[in-house]
Amino acid sequence: MRLIVAPDRASAAKLTADIIERFVKSTAPAVLGIATGATMEEPLAEVVRRHRRGAFSLARTEIYLLDEYIGLEPGGRDTFRSAVDRRFVSRTDVPAAAVHSPDPHATDLGAECDRYEQEVRGAQIGLQLLGIGTNGHIAFNEPGSALDGTTRVVELSEQTRTDNARFFAGRTEPPTTAITQGIATILAARELLLVACGPSKACALARAIEGPVTEMIPASALQLHPNATVIADPSAASELASASAVHESPFDVPMTSGVENQ
Ligand code: F6R
């Protein structure tokens, strides 16, 4: 695992955009897995800014979402799909047909999960962006999720529903269930990039990077991946014993195995 502690949150966003830019420029089609949520807003906004300045095209990018809530109005603004369309896809030249996500309105959700699992596996994600929940979740793999789990319907933990209530701003209660890629699905990506910002992520991040690999901290599964990078701002990195260096570039940081980190 490669750990990059950025000087601040804005730098973490820029370093994340650097990695996305390099990936999009070097691969065609660039199959990009996207996490939704507050952490990804600034990095994706930075990618949009660079694209609009003419730095690169996203026309040959395929986008795969990690997860989607169940029970929201189809196309409603609180769905992850709408958020990604609004903040990213509609502001770039990513073709609308190149955005893929699980359908939470399918009549047979089990079959839909199987379909999406096959679609994601067939596409072979090149770079998978990840956030981390305050409870250590990745996508909506909550504590206790099997490390070999695949795409499925899950119940959201009370912690996650409380954390995400801010996105619903009193309009509606956060949903109780979602479709999520499993940990095995995520680990099948060629490269993983987890971004963590803010003090609320510090405890989960330290346990994910420096603790044992355990189903109780789903993000600890990144230690099992041969090409996983973590970008943290100083507050998210504050409980890491190993985070002494602050890096300005994501490309000069050596890889250390998660096992050595313990
Ligand atoms: C959402 C997802 C989640 C978020 C995580 C962090 O697609 O995959 O795992 O990445 O809940 O959310 P924020 O960034 O809002 O703190």
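Structure's up top.
Residues numbered from 1 in each chain as written. Predicted model: local features only at pLDDT ≥ 70, side-chain atom pairs only at ≥ 80, totals over all residues. Heavy atoms only, no water.

Enquirer: Explain the overall build of the protein residue by residue, including any values.
Expert: Assigned secondary structure in the protein consists of 8 helices and 10 strands. Over its C-alpha trace the protein gives a radius of gyration of 17 Å, about what one expects of a compact globule, namely 18 Å for 262 residues. Across its three principal directions, the C-alpha atoms of the protein cover 50 × 45 × 35 Å. Residues classed as buried in the protein amount to 55% of the 262 residues present. The long-range share in the protein, meaning contacts at least 24 apart out of those at least 6 apart in sequence, stands at 80%. (Helix = DSSP H or I, 4+ residues; strand = E, 2+ residues; numbered from the N terminus. Rg over C-alpha atoms; globule rule 2.2 N^0.38 Å. Buried < 20%, exposed > 50% of the residue type's maximum accessible area, 1.4 Å probe, protein only. Contact = heavy atoms within 4.5 Å.)

Enquirer: Tell me about the sheet that holds strand 1 (residues 2-5), residues and numbers included.
Expert: Across the sheet, which stays open at both edges, the 7 strands sit in the order 1-10-9-6-2-3-5 with parallel pairing between neighbours. Whereas interior strands pair on both sides, the edge strands pair on one side only; in this sheet they are strand 1 and strand 5 (99-100). With 5 bridges joining them, strand 9 (residues 191-196) and strand 10 (residues 228-232) adopt parallel strand pairing. Directly across from Leu-194, in strand 10, lies its bridge partner Val-230. Along the sheet face, helix 4 (residues 109-123) touches strand 2 (30-34), strand 3 (61-65) and strand 5 and points at about 145° away from the line of strand 3. (Pairing = 2+ DSSP bridges. Axes fitted to C-alpha atoms, helices over the stretch in contact; angles between N-to-C directions.)

Enquirer: So what's going on with the packing of aromatic side chains? Residues and values would help.
Expert: Per the stated rule, a full pass over the model turns up 5 aromatic pairs. Centroid distance Tyr-69 to Phe-80: 4.7 Å. Interplanar angle 40°. Geometry classified as tilted. Here Tyr-69, found in strand 4 (residues 67-69), pairs with Phe-80, found in helix 3 (residues 80-87); they are 11 residues apart in sequence, far enough to count as distant. Taken individually, Tyr-69 and Phe-80 each receive the classification buried, so the pair is uniform in this respect. On the basis of an interplanar angle of 25° and a centroid distance of 5.7 Å, the ring pair of Phe-80 and Phe-140 is categorised as stacked. With Phe-80 in helix 3 and Phe-140 in the loop between strand 6 (127-130) and strand 7 (152-155), this pair connects stretches of sequence that are 60 residues apart. Just as Phe-80 is buried, Phe-140 falls in that class too. Taken together, the ring pairs connect Tyr-69, Phe-80, Phe-140 and Phe-168 into an aromatic cluster. (Phe/Tyr/Trp six-rings, centres within 6.5 Å; stacked < 30°, edge-to-face > 60°.)

Enquirer: Please provide a residue-by-residue account of the site of the ligand, values included.
Expert: Around the ligand sit 16 residues, and of these Thr-39, Asp-67, His-137, Ala-139 and Lys-201 come closest. Interatomic distance of 2.8 Å between a backbone N/O atom of Ala-38 and an oxygen atom of the ligand. Contributions of two or more residues to the shell around the ligand are made by helix 2 (38-52) and helix 5 (158-168). (Near = heavy atom within 4 Å. Polar contact = N/O pair within 3.5 Å; in protein donor to acceptor, adjacent residues only side chain to side chain.)

Remember that the coordinates give geometry; whether it matters functionally is a separate question.
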